[in-house]
Amino acid sequence: MNKLLKPVFLVFMASVLAFPPTVKAQHALSPEEVKDHPAFIRDVIIIDAGHGGIDGGTSFQNIMEKDINLAIAQKVFMLLRSMGYHAVLNRTGDYALSEENHWLGTRSRHLRDLAQRKELSRQIPTLVVVSLHVNWGRNTSKRGGLVLFQNEGRSVLLASAIQQQLDQLYGFKGNIEHGRPFYLLNQIADPAVIVETGFLSNAADRAMLTDRRGQLQIAKAIADGINYYLTVI
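Residues numbered from 1 in each chain as written. Predicted model: local features only at pLDDT ≥ 70, side-chain atom pairs only at ≥ 80, totals over all residues. Heavy atoms only, no water.

Draft legend 1. View of the sheet that holds strand E4 (residues 87-89). The mixed open sheet is built from 6 strands, whose spatial order is E4-E1-E5-E8-E6-E7. Sheet topology places E4 and strand E7 (177-178) at the edges, where each strand pairs with a single neighbour. Pairing of strand E1 (residues 44-49) with strand E5 (residues 126-135) involves 6 bridges; the strand directions are parallel. Residue pairing across strands places Val44 opposite Thr126, the latter belonging to E5. Sheet strands in contact with helix H3 (residues 65-82) are E1, E4, E5 and strand E8 (192-199), and its direction is about 145 degrees off that of E5. Taken strand by strand, helix H8 (residues 212-231) contacts E1, E5 and E8, and its axis lies near 150 degrees from that of E5. (Pairing = 2+ DSSP bridges. Helix = DSSP H or I, 4+ residues; strand = E, 2+ residues; numbered from the N terminus. Contact = heavy atoms within 4.5 Å. Axes fitted to C-alpha atoms, helices over the stretch in contact; angles between N-to-C directions.)

Draft legend 2. Seen up close, H3. The terminal C-alpha atoms of H3 lie 26 Å apart, and with 18 residues this matches the ideal 26 Å at 1.5 Å per residue to within 8%. Buried within H3 we find Glu65, Lys66, Ile68, Asn69, Leu70, Ala71, Ile72, Ala73, Val76, Phe77, Leu80 and Arg81. Gly84 occupies a position one or two residues after H3 and carries a positive phi of about 100 degrees. (Expected span 1.5 Å × (residues − 1). Buried < 20%, exposed > 50% of the residue type's maximum accessible area, 1.4 Å probe, protein only.)

Draft legend 3. The arrangement of the side chain of Glu65 in detail. With respect to the helices, strands and loops of the structure, Glu65 is situated in helix H3. The buried charged residue Glu65 lacks any salt bridge, with Arg91 as its nearest oppositely charged partner at 8.0 Å. Separated by 3.4 Å, the side chains of Glu65 and His51 make a polar contact. Ignoring anything within four residues of it in the chain, the contact list for Glu65 reads His51, Gly56, Gly57, Thr58, His133 and Val134. (Lys, Arg positive; Asp, Glu negative; His and termini not counted. Salt bridge = Lys/Arg side-chain N within 4 Å of Asp/Glu carboxyl O. Polar contact = N/O pair within 3.5 Å; in protein donor to acceptor, adjacent residues only side chain to side chain.)

Draft legend 4. Focus on the packing of helix H5 (residues 153-170) against H8. For the pair H5 and H8, the least separation of the axes is 8 Å and the interaxial angle reads 145 degrees. As for how H5 packs across H8, the hand of that crossing is right-handed. Between H5 and H8, the residues in contact are Arg154, Leu157, Leu158, Ala161, Ile162, Gln165, Leu166, Leu169 and Tyr170 and Gln217, Ile218, Ala221, Ile222, Asp224, Gly225, Ile226, Tyr228 and Tyr229, respectively. (Left-handed = near helix turned anticlockwise from the far one by under 90°.)

Draft legend 5. Spotlight on the confidence of the model for the protein. Averaged over all residues, the pLDDT of the protein equals 84, while 77% of them reach at least 70. Confidence over residues 9-29 falls short of pLDDT 50; this stretch has 20 contacts with residues more than four positions distant or in other chains. (pLDDT = per-residue confidence, 0-100.)

Draft legend 6. Representation of the packing of H3 against H8 within the structure. At a minimum axis separation of 8 Å, H3 and H8 run at an interaxial angle of 50 degrees. If you check the angle between H3 and H8, you find them oblique. Classified by chirality, the crossing of H8 by H3 is right-handed. Contacts between H3 and H8 involve Ala71, Ile72, Lys75, Val76, Leu79 and Leu80 from the first element and Arg212, Gln215, Leu216, Ile218, Ala219, Lys220, Ile222, Ala223 and Ile226 from the second. (Parallel < 35°, antiparallel > 145°, perpendicular 65-115°, else oblique.)

Draft legend 7. Here's a closer look at H8. Its 20 residues give H8 an end-to-end C-alpha distance of 28 Å, which sits within 8% of 28 Å, the value for a rise of 1.5 Å per residue. The inward-facing, buried residues of H8 contact E1, H3, E5, H5, E8 and helix H7 (203-209). For H8, the capping residue at the N-terminal end is Asp211, with a side-chain oxygen 3.0 Å from the backbone nitrogen of Arg213.

Draft legend 8. The nonpolar core, seen in detail. Among the nonpolar cores identified, the biggest contains 37 residues, and Ile47 and Ile222 are the most heavily contacted of them. For Ile222, the contacting residues outside a window of four places in its chain are Ile72, Val76, Val130, Leu132, Ile162, Leu166, Val195 and Thr197. The next biggest cluster of nonpolar side chains, apart from the first, holds 13 residues, and it includes Val44, Val88, Leu120 and Val129. (Core = buried A, V, L, I, M, F, W, Y, C linked by side-chain atoms within 4.5 Å.)

Following this line, the structure appears as structure tokens:
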């Protein structure tokens, strides 16, 4: 099976207990065949769990961003599925996506990781891409969610919808920002946003980010924002 699609099909198969499949997997698929594969009969929401494996992201003591990203991503995935959306995760465990990229001719692990994340949206029909991360600031009083958008109108609307929900959760108004320097936002053709779910450097945010109930609240805010974008805007 195509290495890029392996984590997607793992998530897809993990959800069949609740959503029985209508077809059986057959042979390894080319990118062209994937576009027409019955597993992806509709455009999907790609949930990008930032970092993973050797790339831990930001940290506080023994708390790693990669673990928070995955925990929240899994919850967003389940919430979207419960709403009836077709959603996929690009990683289901603690590993770096660069390990699955054997096609890009570069020695840069970081670039292979980013390219692998981008390529998934090219190989399956994609509605939107939502990349989850955790923020860090020198000013420990700074807190709350922050959504970064592409230089593209649909991305701005998606970012605004998610930001509004995060603002309600955290209790104050934040501002979306143009993620000009970020690879994924520049390279992905579909509407995409990066969601900084909170500040690990802030004690109150950290408590929410590392608590299961807090993670679920954050995931619900993100899922509700995505749903609002797709149904109302």
